[in-house]
Amino acid sequence: MASVQFGQHAPARRVILHLSDTHLLAGDRLLGGRYDAAAHLRRTLDAAEATGVRPDAVVFTGDLTDLGEPEAYRALRAAVEPWAARLGAPVIWVAGNHDERPALRAGLLDAEATEEPVIGVWNLDGLRLIALDSSVPGWHHGDLDAAQLDWLRRQLAEPAPLGTILALHHPPLPTHIPFFDILELRDQAGLSDAFAGSDVRAILAGHLHYSTSGTFAGVPVSVSAASCYTMDLARTAEEVNGMDAGQSFHLVHVWDDTITHAVVPVVDAESAGYFTPEWVARMGALTPEERLEAFSRKR
């Protein structure tokens, strides 16, 4: 995270890495016979670490494995935990429709292998993050039952100093792709009622395998694309299918008055070398007026 301030906004108060839909398979098998989900996860973790960001938390918004295999959860944990330790960040696991709650709870949380929802609350030095479980055992659509919504209301009864971010797998957003409508989050009205009047500032989600954003009940929703494969949206809606390209993750920056969600592509592309730490240091040594003269004035 940049520590300099050249504009009117100070550095962000908190930073979150938001990743989604790793879809690991046991034995590093190819997903659908074509996508190397394990290799793509490694590339995504490397790319996130290369940003130099030391996040306050790392959130994986579901579909952690493809079939809920215990071995796949063990492989995911072995890949992510040492990486997160280097970043000094807690990992927040969110359940998705491809996950199996008992294996997830046992393999990632060292918890009892039950069908209880995978939910939790984290205090990130004043920023509250709440993980919800929109998975429905035996189904691929999403839902939140009355007990979970009542639990959410209790968590939100008192505001947090920097507000609250919700994380769940199924986004409470419309999509233009027909098959996702079948697998949508049901009872969205119940969710909006549960956090009405609260300090919820943003919602993080996955499920769609492409990056998108919108608002739900007045709250911004940000969907991170998958690390395994993404949707080829350059087709008619009825012909949208997966492709082995476009993988990305999100950098979530939290300020007192706004939250931004930057899409970071995971690509092998050469970039220019004009901007460097040395360039930033030179700009930092100038007055605001000198910086404008050096960099803003058209030549």
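Reference entry: report on the structure contained in this document. Nothing here was measured: the structure is a model prediction, and the numbers come from that model. (Residues numbered from 1 in each chain as written. Predicted model: local features only at pLDDT ≥ 70, side-chain atom pairs only at ≥ 80, totals over all residues. Heavy atoms only, no water.)

**Focus on the overall build of the protein chain**
And then number 1: Per the secondary structure count, the protein chain includes eight helices and 13 strands.
And then number 2: Summarising its shape, the C-alpha atoms of the protein chain cover approximately 60 × 45 × 40 Å along the three principal directions.
And then number 3: Scored against the burial criterion, the 299 residues of the protein chain give a buried share of 48%.
And then number 4: Long-range pairs, those at least 24 residues apart, make up 68% of the contacts in the protein chain with a sequence separation of at least 6. (Helix = DSSP H or I, 4+ residues; strand = E, 2+ residues; numbered from the N terminus. Buried < 20%, exposed > 50% of the residue type's maximum accessible area, 1.4 Å probe, protein only. Contact = heavy atoms within 4.5 Å.)

**Things to note about the pattern of salt bridges**
And then number 1: According to the stated counting rule, one finds 14 salt bridges in the structure shown.
And then number 2: The shortest N-O distance in the salt bridge between Asp 256 and Arg 13 comes to 2.5 Å. With Asp 256 in the loop between β12 (248-254) and β13 (259-265) and Arg 13 in the segment before β1 (14-19), this pair connects stretches of sequence that are 243 residues apart.
And then number 3: Judged by relative accessible area, which is 38%, Arg 13 ranks as partly exposed.
And then number 4: Taking the shortest distance from any N to any O, the salt bridge between Arg 235 and Asp 232 comes out at 3.3 Å.
And then number 5: Linked through salt bridges whose partners overlap, the residues forming this network are Arg 77, Glu 81 and Asp 110. (Salt bridge = Lys/Arg side-chain N within 4 Å of Asp/Glu carboxyl O.)

**A short note on the packing of aromatic side chains**
Centre distance and the angle of the planes are the two values used to describe a pair of aromatic rings.
And then number 1: Counting across every chain of the model gives nine aromatic pairs.
And then number 2: For the ring pair Tyr 274 and Phe 275, a centre distance of 4.8 Å and an interplane angle of 90 degrees mean the geometry is edge-to-face.
And then number 3: Judged by relative accessible area, which is 54%, Tyr 274 ranks as exposed.
And then number 4: A residue is classified by how much of its surface remains accessible, and Phe 275, at 53% relative accessible area, is exposed.
And then number 5: Residues Phe 275 and Phe 295 carry aromatic rings whose centres are separated by 5.9 Å and whose planes lie at 85 degrees to one another, so their mutual orientation is edge-to-face. Within this pair, whereas Phe 275 is found in the loop between β13 and α7 (277-284), its partner Phe 295 is found in helix α8 (residues 288-296), the two being separated by 20 residues in sequence. (Phe/Tyr/Trp six-rings, centres within 6.5 Å; stacked < 30°, edge-to-face > 60°.)

**Re unusual backbone geometry**
And then number 1: For Asp 125, which is not glycine, the phi torsion reads 55 degrees and is therefore positive.
And then number 2: For Asp 125, the position within the fold is in the loop between β4 (120-124) and β5 (127-131).

**Here we look at the environment of Val 200**
And then number 1: Note that Val 200 resides in strand β7 (residues 200-205).
And then number 2: For Val 200 and Thr 260, which are 60 residues apart along the polypeptide, the C-alpha to C-alpha distance reads 15 Å.
And then number 3: Sequence-distant contacts of Val 200, defined by excluding residues within four places in its chain, comprise Leu 156, Thr 164, Leu 166, Phe 195 and Val 219.

**Side note on a nonpolar patch on the surface**
And then number 1: Taken together, the side chains of Tyr 274, Phe 275 and Phe 295 present a nonpolar region at the surface, about 380 Å² in accessible area.
And then number 2: A residue is classified by how much of its surface remains accessible, and Phe 295, at 46% relative accessible area, is partly exposed. (Patch = residues over 30% accessible without salt bridge, like charges linked within 9 Å, V, L, I, M, F, W, Y side chains within 5 Å. Areas by Shrake-Rupley, 256 points an atom, 1.4 Å probe, with all protein chains shown as cover.)

**What to know about the pairing of strand β9 (residues 219-223)**
And then number 1: Across the five residues of β9, four count as buried, placing the element largely inside the fold.
And then number 2: For β7 and β9, the ladder comprises three bridges, and the chain directions are parallel. Each residue of the ladder has a partner; that of Ala 205, found in β9, is Val 223.
And then number 3: Hairpin connection from strand β8 (residues 212-216) to β9: two residues lie between these consecutive antiparallel strands, with Ala 217 at a positive phi of about 55 degrees. (Pairing = 2+ DSSP bridges.)

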